[in-house]
Amino acid sequence: MAGAEPEGWSPSQLRHYTFPLEKIPRLSCKDPEAEKLINEEKPVVLTDTHLVDSALKWSLDYLQANLGSGLCSVYESDNHKFMYFDEKKARERLDYNPCTRRLEITFDEFIKRLQNAQGPEEKRVYLQQTLNDTVGKNIVMDFLQFNWDWINKQQQKQGWGLLTSNLLLIGMPGNVTPVHYDEQQNFFAQVKGYKRCILFAPEQIECLYPYPVHHPCDRQSQVDFDNPDYNRFPKFRHASGVEAVVGPGDVLYIPMYWWHHIESLLDGGYTTSVNFWYKAGPTPRNIVYPLKPVQKMAIMRNIEKMLCEALGDYREVGPLLNIMTQGRYTLMDTTEVNGNKVMYTD
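Residues numbered from 1 in each chain as written. Predicted model: local features only at pLDDT ≥ 70, side-chain atom pairs only at ≥ 80, totals over all residues. Heavy atoms only, no water.

Chemist: Help me out: how do you make sense of the nonpolar core in this one?
Modeler: Grouped burial of nonpolar side chains is what soluble globular proteins tend to show. If you look at the biggest cluster of nonpolar residues, it comprises 44 residues, and the most contacted ones within it are Leu 46, Trp 58, Phe 107, Phe 110, Phe 187 and Phe 276. The element contributing the most residues to this core is helix H4 (residues 107-116), with four residues. Setting aside chain neighbours within four positions, we find Phe 107 in contact with Leu 60, Leu 63, Gln 64, Leu 67, Gly 70, Cys 72, Leu 127 and Ile 170. (Core = buried A, V, L, I, M, F, W, Y, C linked by side-chain atoms within 4.5 Å. Buried < 20%, exposed > 50% of the residue type's maximum accessible area, 1.4 Å probe, protein only. Helix = DSSP H or I, 4+ residues; strand = E, 2+ residues; numbered from the N terminus. Contact = heavy atoms within 4.5 Å.)

This is how it looks when you write it as C-alpha cells:
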C-alpha cells in the first residue's frame, strides 16, 4: 500500500535541477512490494518501521543536555555544499584544495557555530558524528530502544554483513551533500525536519562522471548540479533519477552503489538523521552472467586500484587506459574491420 508524501513542507523549498525525476515508492514495511524492492536492491521509503521512534525527541536542546562532552566531527563550508573527501588521499595530493574543513569540537561549540552561521558571510556547518560509547547514558538508552528486531531481521534476510556504523547527521536548512555512492547498504532514518533525497541507479555512472579512484573525491560526481558543464560532461544531459522527501520516522533504503544527493529543505529548519550502514554480503561462489551494474562498478574500481598500484603513479593511470581503449574499443560504425568481425562499436 503506497503512503502519501509527508506533510510539513512545500515544493517551493526544493532546489531546481535540469534532469527528470520520478518518485521513490513510499510503502509500509509490511507491504510485500517493499520487501521485493529491498530484495532487488532498489530504493524505497518505509513509513512505519518505528526504527528510530526513541530518537524523535532529539531536539538540539535534548542532544546538548545528553550527548556528552566528547568531541564531535563537524564539517565547515563556505557555501551550502558539503562534498566528502578522503583526508589521507588529500594529504598525498599537493594540488588538491578541500572544499570543506573538518573540525573536532564539542557539541556545545557546534551549537554556537550553528547559531552564528545565519549571516550570508558566515561559514556553514554540518555535524557528522559516529554514535559510540562517548555519548551520555540517556542517548545510550534511546539508542538501545531503536527497533533492532526489525532491522536485524532485514540484515539476516538480505544476507548482509555486519553493521559498520551509525552516523548522526545534523545540518542547517539548505545544506547539500552532493551526489556520490557508497560501497555499503544503508537504511537512512530521518529524525527531525525534512530532507530531499535524489537517487540515480548504478548504470547512470556514465552520465555522472565520477572522480578517479585515486582522487580525494573518489565516489563523488564531478558534475555540479547547480551549474552543469555540458561541454565537459555531455552525457549528463541524459541523466535521470528518482526522489523522495523524507520526514520524521521515515526510513529510506539506499542500496549499495546507488548514487545519492541529499539536501535539507530550504527554509526548513535544522535536520537530524541517523544512518545504519551494513557491509555487503559475501560474494556468491557462482557468478551469474550478464553481470549486474553494481558488479561492473566494482570491477571498474578494482581495475583502477590495480593499475594505480602497479604503475606506482596515479598520473599514469588515465593515459594508459586511453591507450588501451582509443581506436580499439571505439571503432567505426561497421560490422567488419580488415576482414574481422567487430564486437565493440560506438
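Now that the structure has been shown, we can carry on.
Chemist: How should I be thinking about the packing of helix H1 (residues 32-39) against helix H6 (residues 148-158) in this particular structure?
Modeler: Helix-helix packing is described using two parameters, namely the angle between the two axes and the distance between the axes. Direction vectors running N to C along H1 and H6 enclose 55°, while the axes themselves pass 11 Å from each other. The orientation of H1 with respect to H6, classified from their angle, is oblique. You can see that H1 and H6 cross each other, and the crossing is right-handed. From H1, Glu 35, Ile 38 and Asn 39 reach across to H6, where they touch Gln 154, Lys 157 and Gln 158. For the contact of H1 with H6, the per-class residue count stands at one nonpolar, three polar and two charged. (Axes fitted to C-alpha atoms, helices over the stretch in contact; angles between N-to-C directions. Parallel < 35°, antiparallel > 145°, perpendicular 65-115°, else oblique. Left-handed = near helix turned anticlockwise from the far one by under 90°. Nonpolar A, V, L, I, M, F, W, Y, C, P; charged D, E, K, R; others polar.)

Chemist: How should I be thinking about a nonpolar patch on the surface in this particular structure?
Modeler: On the surface, Val 140, Met 141 and Leu 144 cluster together into a nonpolar patch covering about 270 Å² of accessible area. Looking at the secondary structure, you find Leu 144 in helix H5 (residues 137-144). (Patch = residues over 30% accessible without salt bridge, like charges linked within 9 Å, V, L, I, M, F, W, Y side chains within 5 Å. Areas by Shrake-Rupley, 256 points an atom, 1.4 Å probe, with all protein chains shown as cover. Salt bridge = Lys/Arg side-chain N within 4 Å of Asp/Glu carboxyl O.)

Chemist: Sorry, what's going on with the pattern of salt bridges here?
Modeler: Side chains that carry opposite charge are capable of pairing whenever their charged atoms lie near each other. This structure, assessed with the given rule, holds 26 salt bridges. Here Asp 48 and Lys 30 are joined by a salt bridge, their closest N and O atoms 3.7 Å apart. With a gap of 18 residues between them, Asp 48 in the loop between strand S3 (44-46) and helix H2 (60-66) and Lys 30 in the loop between strand S2 (26-27) and H1 connect regions that are remote in the sequence. One salt bridge in this structure joins Glu 104 and Arg 102, with 2.5 Å as the shortest N-O distance. Of the residues examined, Arg 102 reaches a relative accessible area of 35% and is grouped as partly exposed. A single salt-bridge network, built from bridges that share partners, covers Lys 23, Arg 196, Glu 243 and Glu 263.

Chemist: Whenever I open this one, the sheet that holds strand S12 (residues 251-254) confuses me. Can you help?
Modeler: Reading across from one edge, S2-S3-S12-S9-S14-S7-S6-S4-S5 is the order of the nine strands in this open sheet, with mixed pairing throughout. The open sheet is flanked by S2 and strand S5 (100-106), the only strands paired with a single partner. Pairing analysis gives eight bridges linking strand S7 (residues 163-171) to strand S14 (residues 271-278), with the strands arranged antiparallel. Following the sheet pairing, Asn 166 is matched in S14 by Phe 276. Those strands touched by H4 are strand S4 (71-77), S5, strand S6 (124-130) and S7, and its axis lies near 130° from that of S5. Relative to S14, H6 is tilted by about 40°, and along the sheet it contacts S3, S7, strand S9 (185-192) and S14. (Pairing = 2+ DSSP bridges.)

Chemist: In this structure, what is going on with the pairing of strand S10 (residues 195-200)? I would like to understand it.
Modeler: Walk down a regular strand and you will see the side chains alternate between the two sheet faces. Along S10, six of the six residues are buried, which leaves the element largely enclosed by surrounding structure. Both faces of S10 are covered, namely the face carrying Lys 195, Cys 197 and Leu 199 and the face carrying Arg 196, Ile 198 and Phe 200. Bridge analysis of S10 against strand S11 (residues 241-246) gives five bridges, and the strand direction is antiparallel. By the bridge assignment for S11, Ile 198 is matched with Glu 243. Here S10 runs beside strand S13 (residues 259-264); their pairing, made up of six bridges, is antiparallel. Residue pairing in the sheet places Cys 197 in a bridge with Ile 262 of S13.

Chemist: What is the right way to look at the sheet that holds strand S1 (residues 21-23) in this model?
Modeler: Across a sheet, paired strands are connected by hydrogen bonds in the backbone, their directions being either parallel or antiparallel. The mixed open sheet is built from five strands, whose spatial order is S1-S11-S10-S13-S8. Two strands lie at the open edges of the sheet, namely S1 and strand S8 (176-180), each paired on one side alone. Across the sheet, the mean angle from the axis of one strand to that of its neighbour is 25°, orientation sign disregarded. Summarising the sheet, S1 and S11 pair through three bridges and their orientation is parallel. Among the inter-strand pairings, Leu 21 is bridged to a residue of S11, identified as Gly 241.

Chemist: Explain the side chain of His 180 here, please?
Modeler: Mapping His 180 onto the fold places it in strand S8. Engagement of the side chain of His 180 in a polar contact is seen with the backbone oxygen of Pro 178, the distance being 2.9 Å. The contact partners of His 180, leaving out residues within four places of it in the chain, are Arg 219, Gln 220, Trp 258, Trp 259 and His 260. (Polar contact = N/O pair within 3.5 Å; in protein donor to acceptor, adjacent residues only side chain to side chain.)

Chemist: Explanation requested: unusual backbone geometry in the structure shown.
Modeler: A negative phi holds for most residues other than glycine; trans holds for most peptide bonds. Look at the link from Tyr 289 to Pro 290: it is a cis peptide, with omega at 0°. By secondary structure assignment, the location of Pro 290 is in the loop between S14 and helix H8 (293-311). Even without being glycine, His 50 reaches a positive phi, approximately 60°. Relative to the elements of secondary structure, His 50 occurs in the loop between S3 and H2. With a relative accessible area of 47%, His 50 lands in the partly exposed category.

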